[in-house]
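Structure at a glance
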Amino acid sequence: MQEQPTPEQIEQQCIFCQIANGKVESKKVYEDDKVTAVLDINPAAPGHILLLPKKHVSVMPQMDEELVGHIGMVSKQLSQALIKALQVEGTSIFAANGAAAGQRAPHFMLHIIPRKQGDNINLQLPTIRLSKADMNAIVQKIAPGIKKQFGVNPLEYSAKTIADKEVLKKEETEKEKAEEEKAVETEIKKEEETEKEQEKREETNKENNEENKEEAEKDKEETEEEKISLDDISKFLAGEK
Amino acid sequence: MTECTFCELIKRKANVLFENEKISLMLSPEPATPGHLIILPKKHATILEQVPDYTVKEMFIHANKASTALFETLGAQGTNILIQNGEPSGQRHNHVMLHIIPRFENDKLNLGWQPKKISEDEMSTVELKIKQETGAVGSFEKEKEKPIEITKPKEITKEDYRVKHLKRIP
């Protein structure tokens, strides 16, 4: 039976754990309690930074939100530092999860690479042709995963697929129409709402007025009684006369 | 129409799979492999340096979730996370975005570089130069808290019965 290696054993075997935790010498440019940033000894360009989590993780999905978010923010600031320090015109922030993506080391690392025109670093993205039907099929396929991770079903989420800019223009007019319709709908809704509110107000007013009414009725009765009595008196007086 | 295609896509929720108040996750209109996703800050920014730290955090957290989703649903054997920051890095659009690219064996996508040989001296000078700029790294800007909205008490339009009788006093 093979035993799971302990964290210490993993660290002993993983050179990047040792670098991240300062057990192997490196050109360290930044460090905090979660991550260490060092210069790559086989750089794509001078100033190529490796951002390493101190905890041993192989791929990004093994990290918790806090660590991923932290790595992201540090990478942004390191990218900023590279631009200032080396006067470069850009940076690439790159990570590979899995051998198929080009990962070579068993420890996760985020590359922050200073970029110059014509530097022979191939991080440009080609575009493959996919029809709208293909794109829709992909959305259908990944929808359950998105729902699991994000808690929102993208299919209910008005996910419209657009393959290129031409489609975008065509749909624009349709969208405008839909927006107009929506605007009309919302107006109607608003009217309904205001009507409802008015009704409610009337109701509450009625309730509040009940007491007053009772008082008013009493007053009325009193005045009627007075009237009657006055009439009686006048009649009585007339009769007497 | 606004000048930025991606602001327009965000606004119209085209290709969008998930969004919150800071970011949008969408299917890339220019995929490198089938299932290529992108995460964009909703507020227009050309390069990463213009995006506030707390939004960058949000982008990475959701990139990780999206990456997991691609592993689970497409059977991807790997994913690449890439931000092209500035024209020399291959950035094609003026709205900064984070790419999540599912990878498959024989997908013909070739991302990488040949390691360069750099003298020890050059490494040291570069190290020094960078260290001079990393002093501020690690202190992150925090999002301003939204003002608390207090609902105003309803105005009493009706005459208050408690003071009504006082008016009768001459």
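Refer to the structure presented above.
Residues numbered from 1 in each chain as written. Chains lettered and ligands numbered in written order. Predicted model: local features only at pLDDT ≥ 70, side-chain atom pairs only at ≥ 80, totals over all residues. Heavy atoms only, no water.

1. Quick word on the overall build of chain A
- Regarding its fold elements, chain A presents five helices and five strands.
- Listing the helices and strands of chain A from first to last along the sequence gives α-α-β-β-β-α-β-β-α-α.
- The buried share of chain A, taken over its 241 residues, is 38%.
- Nonlocal contacts in chain A, meaning residues at least 24 apart in sequence, comprise 51% of its contacts between residues at least 6 apart.
- For chain A, the exposed area adds up to about 15,600 Å²; of that, 48% sits on carbon and sulfur atoms. (Helix = DSSP H or I, 4+ residues; strand = E, 2+ residues; numbered from the N terminus. Buried < 20%, exposed > 50% of the residue type's maximum accessible area, 1.4 Å probe, protein only. Contact = heavy atoms within 4.5 Å. Areas by Shrake-Rupley, 256 points an atom, 1.4 Å probe, with all protein chains shown as cover.)

2. Description of the pairing of strand E1 (residues 28-31) of chain A
Residue and element names in this part refer to chain A.
- As defined by bridge partners, E1 adjoins strand E2 (residues 35-39) across three bridges and the pair is classed as antiparallel. Across the sheet, Glu31 pairs through a bridge with Thr36, a residue of E2.
- Linking two consecutive strands that pair antiparallel, namely E1 and E2, is a turn of three residues. (Pairing = 2+ DSSP bridges.)

3. Some thoughts on the packing of helix H3 (residues 65-86) of chain A against helix H3 (residues 120-133) of chain B
- Here H3(A) crosses H3(B) at 120°, and the two axes come no closer than 8 Å. On the basis of their axis angle, the class for H3(A) and H3(B) is oblique. H3(B) is crossed by H3(A), and the crossing has right-handed handedness. Within the contact between the two elements, H3(A) uses Ala81(A), Leu82(A), Lys84(A), Ala85(A) and Leu86(A) and H3(B) uses Val126(B), Lys129(B), Ile130(B) and Glu133(B).
- A per-class count over the contact of H3(A) with H3(B) returns six nonpolar, no polar and three charged. (Axes fitted to C-alpha atoms, helices over the stretch in contact; angles between N-to-C directions. Parallel < 35°, antiparallel > 145°, perpendicular 65-115°, else oblique. Left-handed = near helix turned anticlockwise from the far one by under 90°. Nonpolar A, V, L, I, M, F, W, Y, C, P; charged D, E, K, R; others polar.)

4. A short note on empty space enclosed by the protein
- Going through the model one piece at a time under the given rule, you end up with one cavity of 30 Å³ or more.
- As a volume, the largest cavity reaches approximately 100 Å³.
- When grouped by side-chain class, the residues that make up the lining of the largest cavity number five nonpolar, six polar and two charged. (1 Å grid on protein atoms, 1.4 Å probe; cavity = no way out; pocket = protein on both sides within 12 Å on 5 of 7 lines; lining within 4 Å. Points joined across faces, edges and corners; volume = space filled by probe spheres on them.)

5. Examining the interface of chain A and chain B
- In this assembly, 94 residues from chain A lie in contact with 92 residues from chain B.
- When chain A packs against chain B, close to 8,300 Å² is buried across both sides, 63% of that on carbon and sulfur atoms.
- When the area that chain A buries against chain B is broken down by residue, the three leading residues are Lys76(A), Leu125(A) and Phe150(A), summing to 9%.
- Summed over the shared surface of chain A and chain B, the number is six salt bridges.
- The partner of Lys57(B) in a salt bridge is Glu66(A), with the nearest N and O atoms 4.0 Å apart.
- Taken together, the links from chain A to chain B amount to 30 residue pairs in polar contact (both at pLDDT 80 or more).
- Broken down by secondary-structure element, the contributors of at least two residues to the side of chain A that touches chain B are E1, H3, strand E4 (90-97), strand E5 (110-115), helix H4 (132-150) and helix H5 (165-240) of chain A.
- It is H3(A) that provides the largest number of residues to the side of chain A that touches chain B, a total of 20 residues.
- Relative to strand E4 (residues 78-85) of chain B, E4(A) runs antiparallel, the two being bridged by seven bridges. (Buried area = accessible area lost by both parts, 1.4 Å probe. Salt bridge = Lys/Arg side-chain N within 4 Å of Asp/Glu carboxyl O. Polar contact = N/O pair within 3.5 Å; in protein donor to acceptor, adjacent residues only side chain to side chain.)

6. Concerning the sheet that holds strand E3 (residues 49-53) of chain A
- Spatially, the ten strands line up as an open sheet ordered E1(A)-E2(A)-E3(A)-E5(A)-E4(A)-E4(B)-E5(B)-E3(B)-E2(B)-E1(B), and their pairing is antiparallel. In the strand order of this sheet, the two ends are held by E1 of chain A together with strand E1 (16-19) of chain B, each with one partner. Put simply, the sheet's adjacent strands are angled 20° from each other on average, direction ignored.
- Packing of helix H1 (residues 5-12) of chain B onto the sheet brings it into contact with E1, strand E2 (23-27) and strand E3 (37-41) of chain B, and relative to E3(B) it is tilted by some 95°.
- Of the strands in this sheet, E1, E2 and E3 of chain A are in contact with H3(B), which crosses E1(A) at around 30°.

7. Structural notes on the packing of aromatic side chains
- Taken as a whole and assessed by the stated rule, the structure comprises two aromatic pairs over all chains.
- Taking the centre distance of 5.8 Å and the plane angle of 80° together, the rings of Phe94(A) and Trp113(B) count as edge-to-face. One end of the pair, Phe94(A), is in strand E4; the other, Trp113(B), is in the loop between strand E5 (98-103) and H3, on a second chain. Like Phe94(A), the residue Trp113(B) is buried in the burial classification. (Phe/Tyr/Trp six-rings, centres within 6.5 Å; stacked < 30°, edge-to-face > 60°.)

8. Considerations on a negative patch on the surface
- Side chains of Glu187(A), Glu191(A), Glu192(A), Glu193(A), Glu195(A), Glu197(A), Glu199(A), Glu202(A) and Glu203(A) sit close together on the surface and give a patch of like negative charge.
- Checked against the element boundaries, Glu202(A) lands in helix H5. (Patch = residues over 30% accessible without salt bridge, like charges linked within 9 Å, V, L, I, M, F, W, Y side chains within 5 Å. Lys, Arg positive; Asp, Glu negative; His and termini not counted. Charge placed at Lys NZ, Arg CZ, Asp CG, Glu CD.)

9. Looking at the packing of H4(A) against helix H2 (residues 53-74) of chain B
- Running from amino to carboxyl end, H4(A) crosses H2(B) at an angle of 140°, the nearest separation of the two axes being 8 Å. Judged by the angle between their axes, H4(A) and H2(B) are oblique. The two elements H4(A) and H2(B) meet at a crossing, and its hand is right-handed. Taking contact as the criterion, the partners of Lys141(A), Ile142(A), Gly145(A), Ile146(A), Lys148(A), Gln149(A) and Phe150(A) in H4(A) are, on H2(B), His62(B), Lys65(B), Ala66(B), Thr68(B), Ala69(B), Leu70(B), Glu72(B), Thr73(B) and Leu74(B).
- The class makeup of the residues in the contact of H4(A) with H2(B) is seven nonpolar, five polar and four charged.

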